[in-house]
Amino acid sequence: MADGKISLPDHYKASLAPQGIKPSELPDNLYFTFCGDILGSGGEHYEKGKDFTLTNACHMANLHYSDDYAESLAMHQLAEQGWSCDLSPEGLLKGRDDFLNIIRGHYIAYGLQYSPWAAALFEEKKPDNLKILLSLHSSCGATMRAAALAPHDLTLEQVFPFFAITHTNLQAVEAGYMTWAFAKALLDGYGFYQAYERSLTVAQDGRKLASEWLRKYNVPVKKDQSVTGSVIKVLDTQNPYAVTDDMKEDGIESHFVQSSVMLILSQIMDKGMEKNGAQYVVEQSLKIGGDPDTICSIAMSLFGLQHPDLAKFSLSEIHLPVTN
(Lines give C-alpha, C1' and ligand atoms only; values in the text may rest on other atoms or scores of the structure.)
Protein backbone atom coordinates (compact mmCIF):
# COMPACT_ATOMS: atom_id res chain seq x y z
CA MET A 1 0.00 0.00 0.00
CA ALA A 2 1.31 3.44 -0.90
CA ASP A 3 -0.09 6.98 -0.92
CA GLY A 4 -3.44 5.79 0.42
CA LYS A 5 -3.93 3.30 -2.40
CA ILE A 6 -3.71 -0.46 -2.72
CA SER A 7 -3.18 -2.52 -5.86
CA LEU A 8 -5.80 -5.06 -6.90
CA PRO A 9 -3.45 -8.04 -6.34
CA ASP A 10 -2.60 -6.80 -2.84
CA HIS A 11 -6.25 -6.13 -2.08
CA TYR A 12 -7.14 -9.65 -3.22
CA LYS A 13 -4.46 -11.12 -0.98
CA ALA A 14 -5.65 -9.04 1.98
CA SER A 15 -9.30 -9.97 1.38
CA LEU A 16 -8.52 -13.69 1.40
CA ALA A 17 -6.16 -13.60 4.40
CA PRO A 18 -8.91 -13.73 7.09
CA GLN A 19 -10.01 -17.07 5.63
CA GLY A 20 -6.47 -18.42 5.62
CA ILE A 21 -6.44 -18.62 1.82
CA LYS A 22 -3.57 -17.56 -0.43
CA PRO A 23 -4.27 -16.40 -4.00
CA SER A 24 -1.82 -19.01 -5.29
CA GLU A 25 -4.10 -21.72 -3.90
CA LEU A 26 -6.99 -20.68 -6.15
CA PRO A 27 -7.58 -20.79 -9.92
CA ASP A 28 -6.85 -17.52 -11.71
CA ASN A 29 -10.43 -17.16 -12.86
CA LEU A 30 -11.46 -16.41 -9.28
CA TYR A 31 -9.04 -13.49 -9.19
CA PHE A 32 -10.57 -12.12 -12.38
CA THR A 33 -14.05 -12.54 -10.88
CA PHE A 34 -12.94 -10.70 -7.74
CA CYS A 35 -11.53 -7.79 -9.72
CA GLY A 36 -14.68 -7.48 -11.81
CA ASP A 37 -16.83 -7.61 -8.68
CA ILE A 38 -14.86 -4.81 -6.98
CA LEU A 39 -14.47 -2.58 -10.03
CA GLY A 40 -18.10 -2.87 -11.07
CA SER A 41 -19.49 -2.20 -7.60
CA GLY A 42 -19.95 1.57 -7.98
CA GLY A 43 -22.87 1.44 -10.41
CA GLU A 44 -26.60 1.54 -9.82
CA HIS A 45 -28.84 -1.51 -10.08
CA TYR A 46 -32.18 -1.85 -11.88
CA GLU A 47 -31.52 1.09 -14.18
CA LYS A 48 -29.45 2.07 -17.17
CA GLY A 49 -25.91 3.03 -16.29
CA LYS A 50 -23.91 6.16 -16.97
CA ASP A 51 -20.60 6.85 -18.60
CA PHE A 52 -17.77 5.91 -16.24
CA THR A 53 -14.04 6.03 -16.62
CA LEU A 54 -11.89 3.41 -14.96
CA THR A 55 -10.64 6.14 -12.62
CA ASN A 56 -14.23 6.91 -11.59
CA ALA A 57 -14.89 3.23 -11.08
CA CYS A 58 -11.91 2.88 -8.75
CA HIS A 59 -12.97 5.86 -6.66
CA MET A 60 -16.55 4.60 -6.36
CA ALA A 61 -15.62 0.96 -5.75
CA ASN A 62 -16.81 -0.88 -2.67
CA LEU A 63 -13.71 -2.55 -1.24
CA HIS A 64 -15.77 -5.41 0.22
CA TYR A 65 -16.45 -8.06 -2.41
CA SER A 66 -20.08 -9.01 -2.91
CA ASP A 67 -22.06 -12.18 -3.56
CA ASP A 68 -20.47 -12.42 -7.01
CA TYR A 69 -17.12 -13.43 -5.58
CA ALA A 70 -18.37 -15.04 -2.36
CA GLU A 71 -20.59 -17.47 -4.24
CA SER A 72 -17.98 -18.14 -6.92
CA LEU A 73 -15.42 -19.03 -4.27
CA ALA A 74 -17.99 -21.32 -2.63
CA MET A 75 -18.60 -23.10 -5.95
CA HIS A 76 -14.89 -23.74 -6.31
CA GLN A 77 -14.63 -25.03 -2.75
CA LEU A 78 -17.59 -27.36 -3.15
CA ALA A 79 -16.31 -28.69 -6.48
CA GLU A 80 -12.86 -29.22 -5.02
CA GLN A 81 -14.44 -31.39 -2.30
CA GLY A 82 -16.21 -33.52 -4.91
CA TRP A 83 -19.56 -32.26 -3.65
CA SER A 84 -22.88 -33.26 -5.15
CA CYS A 85 -26.43 -33.67 -3.91
CA ASP A 86 -29.66 -35.49 -4.59
CA LEU A 87 -31.82 -33.54 -7.03
CA SER A 88 -35.04 -34.18 -5.14
CA PRO A 89 -36.47 -31.13 -3.34
CA GLU A 90 -35.29 -32.67 -0.07
CA GLY A 91 -31.81 -33.22 -1.48
CA LEU A 92 -31.63 -29.68 -2.85
CA LEU A 93 -32.64 -28.33 0.56
CA LYS A 94 -29.66 -30.12 2.09
CA GLY A 95 -27.40 -29.02 -0.75
CA ARG A 96 -28.58 -25.45 -0.32
CA ASP A 97 -27.51 -25.67 3.33
CA ASP A 98 -24.08 -27.02 2.35
CA PHE A 99 -23.65 -23.96 0.16
CA LEU A 100 -25.03 -21.58 2.77
CA ASN A 101 -22.67 -22.94 5.41
CA ILE A 102 -19.73 -21.80 3.28
CA ILE A 103 -20.99 -18.30 2.57
CA ARG A 104 -22.86 -17.75 5.85
CA GLY A 105 -20.33 -15.38 7.43
CA HIS A 106 -20.19 -13.20 4.33
CA TYR A 107 -23.96 -13.33 3.87
CA ILE A 108 -24.56 -12.18 7.44
CA ALA A 109 -22.01 -9.38 7.15
CA TYR A 110 -22.94 -8.17 3.67
CA GLY A 111 -26.49 -9.38 3.15
CA LEU A 112 -27.53 -6.17 1.41
CA GLN A 113 -25.17 -7.04 -1.45
CA TYR A 114 -27.06 -10.27 -2.15
CA SER A 115 -30.02 -10.89 -4.42
CA PRO A 116 -33.41 -9.78 -3.05
CA TRP A 117 -34.32 -13.46 -3.42
CA ALA A 118 -31.56 -14.59 -1.06
CA ALA A 119 -33.40 -14.35 2.26
CA ALA A 120 -36.40 -16.37 1.04
CA LEU A 121 -34.20 -19.01 -0.55
CA PHE A 122 -31.78 -19.37 2.34
CA GLU A 123 -34.42 -19.37 5.07
CA GLU A 124 -36.97 -21.74 3.51
CA LYS A 125 -37.28 -24.99 5.48
CA LYS A 126 -39.93 -26.91 3.51
CA PRO A 127 -38.88 -28.83 0.36
CA ASP A 128 -42.20 -28.26 -1.40
CA ASN A 129 -41.92 -24.51 -0.90
CA LEU A 130 -38.28 -24.50 -1.91
CA LYS A 131 -38.97 -26.19 -5.25
CA ILE A 132 -41.35 -23.35 -6.16
CA LEU A 133 -38.87 -20.68 -5.10
CA LEU A 134 -36.11 -22.32 -7.15
CA SER A 135 -38.31 -22.34 -10.26
CA LEU A 136 -39.12 -18.63 -9.88
CA HIS A 137 -35.55 -17.50 -9.21
CA SER A 138 -34.75 -16.10 -12.65
CA SER A 139 -32.06 -13.62 -11.64
CA CYS A 140 -28.41 -14.13 -12.47
CA GLY A 141 -26.94 -16.01 -9.50
CA ALA A 142 -26.26 -19.21 -11.43
CA THR A 143 -24.33 -17.56 -14.23
CA MET A 144 -22.42 -15.20 -11.92
CA ARG A 145 -20.72 -18.17 -10.25
CA ALA A 146 -20.60 -20.59 -13.20
CA ALA A 147 -17.08 -19.76 -14.40
CA ALA A 148 -15.72 -20.97 -11.06
CA LEU A 149 -16.80 -24.50 -12.00
CA ALA A 150 -14.99 -24.56 -15.35
CA PRO A 151 -11.53 -25.59 -14.05
CA HIS A 152 -13.07 -28.69 -12.46
CA ASP A 153 -13.66 -31.95 -14.29
CA LEU A 154 -17.45 -31.94 -14.29
CA THR A 155 -19.96 -33.26 -16.82
CA LEU A 156 -23.08 -31.44 -17.93
CA GLU A 157 -25.14 -33.49 -15.49
CA GLN A 158 -22.71 -33.01 -12.62
CA VAL A 159 -22.87 -29.23 -12.97
CA PHE A 160 -26.64 -29.08 -12.62
CA PRO A 161 -26.79 -29.51 -8.80
CA PHE A 162 -24.45 -26.53 -8.37
CA PHE A 163 -27.09 -24.38 -10.08
CA ALA A 164 -30.19 -26.18 -8.80
CA ILE A 165 -29.54 -25.49 -5.10
CA THR A 166 -30.61 -21.91 -5.83
CA HIS A 167 -32.03 -21.92 -9.39
CA THR A 168 -34.10 -24.34 -11.44
CA ASN A 169 -35.68 -21.54 -13.46
CA LEU A 170 -35.09 -22.20 -17.15
CA GLN A 171 -33.47 -18.91 -18.10
CA ALA A 172 -31.25 -18.91 -15.00
CA VAL A 173 -29.96 -22.42 -15.67
CA GLU A 174 -29.54 -21.75 -19.39
CA ALA A 175 -27.41 -18.69 -18.62
CA GLY A 176 -25.34 -20.61 -16.07
CA TYR A 177 -24.53 -23.30 -18.60
CA MET A 178 -23.64 -20.70 -21.21
CA THR A 179 -21.01 -19.12 -18.96
CA TRP A 180 -19.72 -22.50 -17.78
CA ALA A 181 -19.35 -23.83 -21.33
CA PHE A 182 -17.73 -20.65 -22.59
CA ALA A 183 -15.21 -20.66 -19.74
CA LYS A 184 -14.50 -24.36 -20.15
CA ALA A 185 -13.91 -23.95 -23.89
CA LEU A 186 -11.44 -21.11 -23.27
CA LEU A 187 -9.57 -23.25 -20.75
CA ASP A 188 -9.47 -26.03 -23.35
CA GLY A 189 -7.71 -23.67 -25.77
CA TYR A 190 -10.58 -22.75 -28.08
CA GLY A 191 -10.77 -19.29 -29.61
CA PHE A 192 -13.50 -16.79 -28.85
CA TYR A 193 -15.89 -17.69 -31.67
CA GLN A 194 -15.52 -21.43 -31.16
CA ALA A 195 -16.15 -20.96 -27.44
CA TYR A 196 -19.19 -18.83 -28.21
CA GLU A 197 -20.73 -21.43 -30.52
CA ARG A 198 -20.02 -24.15 -27.98
CA SER A 199 -21.69 -22.10 -25.24
CA LEU A 200 -24.89 -21.72 -27.25
CA THR A 201 -25.17 -25.49 -27.73
CA VAL A 202 -24.41 -26.37 -24.11
CA ALA A 203 -26.81 -23.70 -22.86
CA GLN A 204 -29.65 -25.46 -24.67
CA ASP A 205 -28.58 -28.82 -23.26
CA GLY A 206 -28.57 -27.37 -19.76
CA ARG A 207 -31.95 -25.82 -20.31
CA LYS A 208 -33.31 -29.29 -21.13
CA LEU A 209 -32.03 -30.63 -17.81
CA ALA A 210 -33.86 -27.87 -15.97
CA SER A 211 -37.00 -28.51 -18.00
CA GLU A 212 -36.87 -32.20 -17.14
CA TRP A 213 -36.49 -31.36 -13.45
CA LEU A 214 -39.50 -29.04 -13.49
CA ARG A 215 -41.57 -31.69 -15.25
CA LYS A 216 -40.48 -34.46 -12.88
CA TYR A 217 -41.47 -32.49 -9.79
CA ASN A 218 -44.64 -30.99 -11.31
CA VAL A 219 -43.44 -27.42 -11.13
CA PRO A 220 -44.86 -25.00 -13.71
CA VAL A 221 -42.57 -22.96 -15.95
CA LYS A 222 -42.57 -19.32 -14.86
CA LYS A 223 -40.55 -16.17 -15.57
CA ASP A 224 -38.93 -17.68 -18.62
CA GLN A 225 -37.15 -15.98 -21.49
CA SER A 226 -34.75 -17.51 -23.97
CA VAL A 227 -31.19 -16.60 -23.02
CA THR A 228 -29.77 -17.89 -26.29
CA GLY A 229 -32.31 -15.83 -28.22
CA SER A 230 -31.55 -12.78 -26.09
CA VAL A 231 -27.82 -13.08 -26.66
CA ILE A 232 -28.25 -13.42 -30.42
CA LYS A 233 -30.61 -10.43 -30.56
CA VAL A 234 -28.29 -8.22 -28.52
CA LEU A 235 -25.26 -9.15 -30.61
CA ASP A 236 -27.21 -8.54 -33.81
CA THR A 237 -28.43 -5.12 -32.69
CA GLN A 238 -25.38 -4.17 -30.59
CA ASN A 239 -27.92 -2.88 -28.08
CA PRO A 240 -27.99 -4.39 -24.57
CA TYR A 241 -31.52 -3.02 -24.04
CA ALA A 242 -32.97 -4.78 -27.07
CA VAL A 243 -34.26 -7.55 -24.77
CA THR A 244 -35.98 -5.39 -22.16
CA ASP A 245 -38.65 -2.72 -21.98
CA ASP A 246 -38.29 -2.24 -18.23
CA MET A 247 -34.90 -2.13 -16.52
CA LYS A 248 -36.45 -2.11 -13.06
CA GLU A 249 -38.01 -5.45 -13.93
CA ASP A 250 -35.23 -7.01 -16.01
CA GLY A 251 -32.01 -5.36 -14.81
CA ILE A 252 -30.78 -8.36 -12.82
CA GLU A 253 -32.53 -11.05 -14.84
CA SER A 254 -30.38 -13.78 -16.37
CA HIS A 255 -31.30 -13.06 -20.00
CA PHE A 256 -30.31 -9.40 -19.68
CA VAL A 257 -27.09 -9.94 -17.72
CA GLN A 258 -25.92 -12.79 -19.96
CA SER A 259 -26.55 -10.93 -23.20
CA SER A 260 -24.75 -7.87 -21.80
CA VAL A 261 -21.71 -9.97 -20.90
CA MET A 262 -21.53 -11.54 -24.34
CA LEU A 263 -21.93 -8.13 -26.00
CA ILE A 264 -18.96 -6.69 -24.10
CA LEU A 265 -16.74 -9.67 -24.88
CA SER A 266 -17.69 -9.74 -28.57
CA GLN A 267 -17.02 -6.00 -28.90
CA ILE A 268 -13.54 -6.43 -27.44
CA MET A 269 -12.85 -9.11 -30.04
CA ASP A 270 -14.48 -7.41 -33.01
CA LYS A 271 -12.81 -4.04 -32.34
CA GLY A 272 -9.40 -5.52 -31.51
CA MET A 273 -9.38 -3.96 -28.06
CA GLU A 274 -7.75 -6.82 -26.19
CA LYS A 275 -4.91 -4.60 -24.92
CA ASN A 276 -7.42 -2.38 -23.12
CA GLY A 277 -9.91 -5.17 -22.58
CA ALA A 278 -9.99 -5.07 -18.78
CA GLN A 279 -10.69 -1.34 -18.81
CA TYR A 280 -13.39 -1.82 -21.46
CA VAL A 281 -15.08 -4.52 -19.39
CA VAL A 282 -15.32 -2.20 -16.39
CA GLU A 283 -16.45 0.90 -18.23
CA GLN A 284 -19.02 -0.88 -20.40
CA SER A 285 -20.47 -2.87 -17.49
CA LEU A 286 -21.07 0.36 -15.59
CA LYS A 287 -22.43 2.07 -18.68
CA ILE A 288 -24.92 -0.74 -19.36
CA GLY A 289 -26.13 -0.85 -15.75
CA GLY A 290 -28.88 -3.14 -14.48
CA ASP A 291 -26.54 -5.33 -12.49
CA PRO A 292 -23.14 -3.79 -13.26
CA ASP A 293 -21.03 -5.64 -10.68
CA THR A 294 -22.31 -9.00 -11.87
CA ILE A 295 -21.93 -8.13 -15.55
CA CYS A 296 -18.41 -6.94 -14.78
CA SER A 297 -17.44 -9.96 -12.68
CA ILE A 298 -18.63 -12.47 -15.29
CA ALA A 299 -17.17 -10.57 -18.24
CA MET A 300 -13.86 -10.05 -16.43
CA SER A 301 -13.60 -13.73 -15.52
CA LEU A 302 -14.14 -14.74 -19.15
CA PHE A 303 -11.86 -12.05 -20.57
CA GLY A 304 -9.21 -13.14 -18.08
CA LEU A 305 -9.50 -16.77 -19.13
CA GLN A 306 -9.09 -15.78 -22.76
CA HIS A 307 -6.17 -13.41 -22.16
CA PRO A 308 -4.73 -14.37 -18.74
CA ASP A 309 -1.33 -12.69 -18.98
CA LEU A 310 -2.74 -9.51 -20.47
CA ALA A 311 -5.54 -9.37 -17.90
CA LYS A 312 -3.19 -9.96 -14.97
CA PHE A 313 -0.86 -7.20 -16.11
CA SER A 314 -3.70 -4.72 -16.74
CA LEU A 315 -5.34 -5.44 -13.40
CA SER A 316 -2.04 -5.24 -11.49
CA GLU A 317 -1.71 -1.64 -12.71
CA ILE A 318 -5.02 -0.64 -11.09
CA HIS A 319 -4.96 0.82 -7.57
CA LEU A 320 -7.90 1.45 -5.29
CA PRO A 321 -8.14 4.33 -2.82
CA VAL A 322 -8.08 3.18 0.82
CA THR A 323 -10.09 5.14 3.36
CA ASN A 324 -9.54 4.88 7.11
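Computed from a prediction, not measured in an experiment: that's the story for all the values here.

Peer 1: I tried to follow the overall build of the protein chain on my own but got confused; where do I start?
Peer 2: On a plain count of helices and strands, the protein chain comes out with 17 helices and two strands. Along the longest, intermediate and shortest principal axes, the C-alpha atoms of the protein chain span 60 × 45 × 40 Å. Looking at the protein chain as a whole, 60% of its 324 residues qualify as buried. Considering only contacts within the protein chain whose residues lie at least 6 apart along the sequence, 75% involve residues at least 24 apart. Working note: accessible area of the protein chain is about 13,400 Å², and carbon and sulfur atoms make up 50% of it.

Peer 1: Quick question: what am I supposed to make of the pattern of salt bridges here?
Peer 2: Where charged atoms from two side chains of opposite charge come close, those side chains can pair. Here the structure, examined in full by the defined rule, presents seven salt bridges. Between K287 and D51 there is a salt bridge, with its nearest N and O atoms 3.6 Å apart. In this pair, K287 sits in helix α15 (residues 277-288) while D51 sits in the loop between α2 (28-39) and α3 (54-60), placing the two residues 236 residues apart along the sequence. A salt bridge links R145 to E71; the nearest nitrogen and oxygen atoms lie 2.9 Å apart. On the criterion of sequence distance, the pair formed by R145 in the loop between α8 (141-144) and α9 (156-164) and E71 in helix α4 (residues 67-80) is long-range, its members being 74 residues apart. Comparing R145 with E71, the two get one shared label, buried. Three or more residues joined by partner-sharing salt bridges are found here, namely E174, R207 and D224.

Peer 1: How should unusual backbone geometry be read in this particular structure?
Peer 2: Note: most peptide bonds trans; most residues except glycine with negative phi. In the Ramachandran plot, Y46 falls in the positive-phi region, its phi being about 65 degrees despite a non-glycine side chain. Mapped onto the secondary structure, Y46 falls in the loop between α2 and α3. Of note, Q238 is a non-glycine position whose phi angle comes to about 55 degrees, a positive value. Note that Q238 resides in the loop between α12 (227-237) and α13 (247-250).

Peer 1: Sorry, what's going on with helix α14 (residues 254-270) here?
Peer 2: Residue pairs spaced three or four apart in an α-helix point in one direction, given the helix's 3.6 residues per turn. With 17 residues, α14 extends 24 Å between its outermost C-alpha atoms, agreeing within 8% with the 24 Å of an ideal straight helix rising 1.5 Å per residue. Extensive coverage of α14 is indicated by the burial of 16 of its 17 residues. Where α14 ends, the next residue or the one after it, G272, has phi of about 60 degrees, a positive value.

Peer 1: In this structure, what is going on with the environment of P151? I would like to understand it.
Peer 2: Of note, P151 is situated in the loop between α8 and α9. You can call P151 partly exposed: its relative accessible area is 37%. Aside from chain neighbours lying at most four places away, what touches P151 is P27, N29 and L187.

Peer 1: Would you mind showing me how to read the packing of aromatic side chains here?
Peer 2: Each aromatic ring pair is summarised here by two numbers: the centre-to-centre distance and the angle between the ring planes. Using the criterion set out here, one finds 17 aromatic pairs in the structure. Taking 4.8 Å as the distance between ring centres and 65 degrees as the angle between the ring planes, the aromatic pair formed by W83 and F162 counts as edge-to-face. Taken together, the residues span a long stretch of sequence, with W83 in the loop between α4 and α5 (89-109) and F162 in helix α9 at a distance of 79 residues. Accessibility assignment for this pair places W83 and F162 in one class, buried. An aromatic cluster is defined as three or more aromatic residues linked by ring pairs; in this entry it consists of Y12, Y31, F32, F34, Y65 and Y69. Between the NZ or CZ atom of K48 and the centre of the ring of Y241, over which it lies, the distance is 4.5 Å. Over the ring of F99 we find R145; its NZ or CZ atom is 4.9 Å from the centre of that ring.

Peer 1: Would you mind showing me how to read the environment of L187 here?
Peer 2: With respect to the helices and strands, L187 occurs in helix α10 (residues 170-187). In sequence terms L187 and P151 are 36 residues apart; their C-alpha atoms lie 7.4 Å from each other. When residues no more than four places from it in sequence are discounted, the contact partners of L187 are A150, P151 and L305.

Peer 1: Looking at this structure, I do not really get the environment of Q158. What am I missing?
Peer 2: Summarising the element assignment, Q158 is placed in helix α9. A C-alpha to C-alpha distance of 9.5 Å links Q158 and C85, two positions 73 residues apart in sequence. Within the local environment of Q158, its side chain forms a polar contact with the backbone nitrogen of T155, the two atoms lying 2.8 Å apart.

Peer 1: Just to check I follow, could you spell out α15 for this structure?
Peer 2: For α15, which comprises twelve residues, the first-to-last C-alpha distance of 16 Å matches the rise-based estimate of 16 Å (1.5 Å per residue) to within 8%. By the burial criterion, the buried members of α15 are G277, A278, Y280, V281, V282, E283, Q284, S285, L286 and I288.

Rules used throughout
Residues numbered from 1 in each chain as written. Predicted model: local features only at pLDDT ≥ 70, side-chain atom pairs only at ≥ 80, totals over all residues. Heavy atoms only, no water. Helix = DSSP H or I, 4+ residues; strand = E, 2+ residues; numbered from the N terminus. Buried < 20%, exposed > 50% of the residue type's maximum accessible area, 1.4 Å probe, protein only. Contact = heavy atoms within 4.5 Å. Areas by Shrake-Rupley, 256 points an atom, 1.4 Å probe, with all protein chains shown as cover. Salt bridge = Lys/Arg side-chain N within 4 Å of Asp/Glu carboxyl O. Expected span 1.5 Å × (residues − 1). Phe/Tyr/Trp six-rings, centres within 6.5 Å; stacked < 30°, edge-to-face > 60°. Lys NZ or Arg CZ within 6 Å of the ring centre and 35° of its normal. Polar contact = N/O pair within 3.5 Å; in protein donor to acceptor, adjacent residues only side chain to side chain.

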